[in-house]
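# Results of the structural survey
One letter stands for each residue in the lines below.
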Amino acid sequence: MRLPACEVFGEGRAGLFELAAQLAALSRERPVGTWDEETAWARLWNAAQRARGEQGEDVERLRDALRLFILLRGQGQTPARLFSPERARVPTVEIEADAGAAVKDLPALVHAARAAAWRGR
């Protein structure tokens, strides 16, 4: 469901909240029952498009969360909440490049997260 803008927060901030919620949902175990992964990724990307112009600490934290998702999912299908340092592998150059700290564009990070999720299968 798309979070509408309101008096309290604008379109970009609504997109940022929506992006955070969608990322949290994708970071958990796969839902039971009917679930469309392509739709989930499309929602995440659309929310990133809405939040693209946002600035501030919240945006940086969300970028960090996307980078962590990329690193963890690039290692396999382990949900982030089940990840432990004992299961970690040294990230490959390819994954590090995708999750590079220089990437600031939220939709580009979402694209890299999707690629890491597919690569980790």
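In the block above lies the structure referred to throughout.
Residues numbered from 1 in each chain as written. Predicted model: local features only at pLDDT ≥ 70, side-chain atom pairs only at ≥ 80, totals over all residues. Heavy atoms only, no water.

## Remarks on the overall build of the protein
Across its full length, the protein carries five helices and zero strands. Each helix and strand of the protein, ordered N terminal to C terminal, gives the series α-α-α-α-α. Here the protein, with 121 residues, has 38% of them falling under the buried criterion. A separation threshold of at least 6 residues defines the contact pool for the protein, and within that pool the share at least 24 residues apart is 74%. Surface accessibility of the protein: about 7200 Å² in total, with carbon and sulfur atoms responsible for 57%. (Helix = DSSP H or I, 4+ residues; strand = E, 2+ residues; numbered from the N terminus. Buried < 20%, exposed > 50% of the residue type's maximum accessible area, 1.4 Å probe, protein only. Contact = heavy atoms within 4.5 Å. Areas by Shrake-Rupley, 256 points an atom, 1.4 Å probe, with all protein chains shown as cover.)

## Overview of helix α1 (residues 11-27)
Between its first and last C-alpha atoms α1 spans 24 Å; for 17 residues at 1.5 Å apiece the expected length is 24 Å, and the two agree. Of all the residues in α1, the buried ones are G12, R13, A14, G15, L16, E18, L19, Q22, L23, L26 and S27. (Expected span 1.5 Å × (residues − 1).)

## Examining the packing of aromatic side chains
We describe a pair of aromatic rings using the distance from one ring centre to the other and the angle between the two ring planes. Going through the model one piece at a time under the given rule, you end up with two aromatic pairs. Taking the centre distance of 5.1 Å and the plane angle of 90° together, the rings of F9 and F17 count as edge-to-face. On the numbers, 5.9 Å between centres and 75° between planes, the contact of W41 with F69 is edge-to-face. A residue pair is termed long-range when its members are at least 10 positions apart, and W41 in helix α2 (residues 37-51) and F69 in helix α3 (residues 57-73) qualify at 28 residues. Assigned by exposure class, W41 and F69 land together as buried. (Phe/Tyr/Trp six-rings, centres within 6.5 Å; stacked < 30°, edge-to-face > 60°.)

## Description of the packing of α1 against α2
Across the interface, α1 lies against α2 with an axial gap of 7 Å and an inter-helix angle of 150°. By the angle between their directions, the pair α1 and α2 is classed as roughly antiparallel. The two elements α1 and α2 meet at a crossing, and its hand is left-handed. Contact residues: E11, G12, A14, G15, L16, E18, L19, Q22, L23 and L26 in α1; A40, W41, R43, L44, A47, A48, R50 and A51 in α2. (Axes fitted to C-alpha atoms, helices over the stretch in contact; angles between N-to-C directions. Parallel < 35°, antiparallel > 145°, perpendicular 65-115°, else oblique. Left-handed = near helix turned anticlockwise from the far one by under 90°.)

## Focus: the pattern of salt bridges
Counted according to the given criterion, the structure contains eleven salt bridges. One salt bridge connects E54 with R13, and the closest N-O pair in it is separated by 3.3 Å. Within this pair, whereas E54 is found in the loop between α2 and α3, its partner R13 is found in helix α1, the two being separated by 41 residues in sequence. On the basis of relative accessibility, which here comes to 18%, the residue E54 falls in the buried class. (Salt bridge = Lys/Arg side-chain N within 4 Å of Asp/Glu carboxyl O.)

## Side note on the nonpolar core
In this structure, L19, W41, L44, L66, F69, L106 and V110 are the most contacted members of the largest nonpolar core, which totals 22 residues. Those elements that place two or more of their residues in this core are α1, α2, α3 and α5 (106-119). By residue number, the principal contributor to this core is α5, which donates seven residues. For L44, the residues in contact, after removing those within four places along its chain, are L19, Q22, L23, L26 and V110. (Core = buried A, V, L, I, M, F, W, Y, C linked by side-chain atoms within 4.5 Å.)

No statement about biological role is implied by the geometric values presented.
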